[in-house]
Each structure stands twice: as structure tokens, then as C-alpha cells.
Amino acid sequence: MSDERPEKPLPDLRASDADRDRVVERLRDAVAEGRLDMEEFEERLDAAYKSRTYAELEPLTRDLPAPAGGPENGPVARPTTAAEPWTGRIGGGGSSATAVAVMSGFQRKGRWTVPARFDAVAFWGGGQLDLREADFAQREVVINCVAVMGGIEITVPPGVELDVRGFGFMGAFDQRDNPGPFEPGAPRVVVTGFAFWGGVEIKVKKRKRPLDGPSLRKEL
């Protein structure tokens, strides 16, 4: 006689942030397709972010067709693997390879592709590189920073493999947060360079959630 416990039913499983975000993305598409009005969207959006289990998420998309390329039946919410968030985000050409700020500033954020090597220079200026929504040209990318009487801020999502090798002379290379254990399939980000009377700061922040109701209404 086996004493193994039966697997926990799917509806009772705890949903992750990725599961909730996936449902919100489907609801967002439904608004764009004209299947939901903004009042219905906002009601379901609020319910999605309050949901704790798959049983609470499933009714929110039950009356919506599956997204293109998705399963014909079944809820949008489903268990995810650790490597899934990075699927399709590695490979291809870089959006740009250089950013320079001389008594000015630069910014790279949102959906862009980090090349194999990216050079960032700030001289009496500042720059921001946000990698949370970015794609990566290859598994390992190198960001070379030169900050002279200026500053460069780099933001990466949790789960990436982060290697900071920069040098500061009367300046600083400062890694503020620990990205935690890197996820299978996640890219490796190497930060090199030097700071002279300036600084390079690396932060770890979660990816931004999909647009909420008011922001989506403005975008649409």
C-alpha cells in the first residue's frame, strides 16, 4: 500500500505574479479586441491582482477565446517553469551599441535589445539603462561604463546572473541589491568600466506589471 499523497488539484495551487500578469495581458488584449469594455476590464483587473489561486483566476478569462497560438480550451493561468520568463528574450541583433551623455543624459528602457557589448559614457551627465523589459542579443552581455563627473544607473530584474567588475577612483561602482539565485535560462550581465569623480549604480527591481485600467485607457 502506497503512502504517497495525491497531487494537489490544479485549482487549489497558488498562482504566481507571472500567472496574474498573464491573465491581465489577456484581459488587455480583450479590451483592444472590443470583447470587454473598460468597466468590465477594471473589475477583472482588480480581481486578478487580488487572486491567490488558479481557481480565482480561471473565471476571469473563461468567456474569452484563447490568444492566437494558445490552447483552444482551458484557463489562461497555468503553472510556469523557472526558465519560461526568458523564453524568446535571448537572441537577435542589438538595438544600439552605444550611449553617450556629455553635459546631458541618455536613457534606454522599455522593450529594447541589449547587444553583446554595450558602451555607456557619462561625462558631466547621467544615463539610465533599464533591462527589466529588455531582450538580449545573446546569453551573456557586457555593459562597459565610463562615468567621469557623472553617473550611470543600471536596473536589472531579479533572476539574472550579475557580475560587476568595475573600478572606482574617487568614484564608486555600487551594486545595491542582490539579484538572488539566477533562473535557468536567464542571461548573464557583466558590468565593467570605471568611475572617476562619478558613479555607476546597479539596482535590482522586479519587472513592471502590465498597464492598469487608467493607463490602458489613456494608451488606447
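Residues numbered from 1 in each chain as written. Predicted model: local features only at pLDDT ≥ 70, side-chain atom pairs only at ≥ 80, totals over all residues. Heavy atoms only, no water.

Engineer: Any chance you could break down the packing of helix α1 (residues 17–32) against helix α2 (residues 38–50) for me, citing the residues and the numbers?
Structural biologist: Each pair of packed helices gets described by two things: the angle between the helix axes and the distance between those axes. Where α1 contacts α2, the axes come no closer than 10 Å and their chain directions differ by 175 degrees. Judged by the inter-axis angle, α1 sits roughly antiparallel to α2. Contact with α1, carried on its side by Arg 20, Asp 21, Val 23, Val 24, Leu 27, Arg 28 and Val 31, involves Met 38, Phe 41, Arg 44, Leu 45, Ala 48 and Tyr 49 of α2 and no other residues of that element. Tallied by class, residues from the contact of α1 with α2 come to nine nonpolar, no polar and four charged. (Axes fitted to C-alpha atoms, helices over the stretch in contact; angles between N-to-C directions. Helix = DSSP H or I, 4+ residues; strand = E, 2+ residues; numbered from the N terminus. Parallel < 35°, antiparallel > 145°, perpendicular 65-115°, else oblique. Contact = heavy atoms within 4.5 Å. Nonpolar A, V, L, I, M, F, W, Y, C, P; charged D, E, K, R; others polar.)

Engineer: Outline the pattern of salt bridges, supporting the account with residue identities and numerical values.
Structural biologist: According to the stated counting rule, one finds 15 salt bridges in the structure shown. Here Asp 135 ties to Arg 111 by a salt bridge, and the two come within 3.2 Å at their closest N and O atoms. Note that Asp 135 is positioned in strand β6 (residues 135–136) and Arg 111 in the loop between β2 (105–108) and β3 (113–114), a separation of 24 residues in sequence. In this structure, the salt-bridge partner of Arg 117 is Asp 119, at a minimum N-O distance of 3.1 Å. On the basis of relative accessibility, which here comes to 43%, the residue Arg 117 falls in the partly exposed class. Here the residues in one salt-bridge network are Glu 140, Glu 161, Asp 163, Arg 165 and Arg 188, joined through shared partners. (Salt bridge = Lys/Arg side-chain N within 4 Å of Asp/Glu carboxyl O. Buried < 20%, exposed > 50% of the residue type's maximum accessible area, 1.4 Å probe, protein only.)

Engineer: I'd love a proper account of a negative patch on the surface, names of residues and values included.
Structural biologist: Among the surface-exposed residues, Asp 37, Glu 39, Glu 40 and Glu 43 lie close enough to one another that they form a single negatively charged patch. Position of Glu 39 among the secondary structure elements: in helix α2. (Patch = residues over 30% accessible without salt bridge, like charges linked within 9 Å, V, L, I, M, F, W, Y side chains within 5 Å. Areas by Shrake-Rupley, 256 points an atom, 1.4 Å probe, with all protein chains shown as cover. Lys, Arg positive; Asp, Glu negative; His and termini not counted. Charge placed at Lys NZ, Arg CZ, Asp CG, Glu CD.)

Engineer: Any chance you could break down the confidence of the model for the protein chain for me, citing the residues and the numbers?
Structural biologist: Of all residues in the protein chain, 80% attain a pLDDT of 70 or more, and the chain-wide mean is 80. Contacts from residues 69–83, a stretch scored under 50 in pLDDT, to residues over four places away or in other chains number 24 contacts. (pLDDT = per-residue confidence, 0-100.)

Engineer: Provide a residue-level description of the environment of Phe 41, including the pertinent values.
Structural biologist: Checked against the element boundaries, Phe 41 lands in helix α2. Under the relative-accessibility criterion, Phe 41 is labelled buried at 0%.

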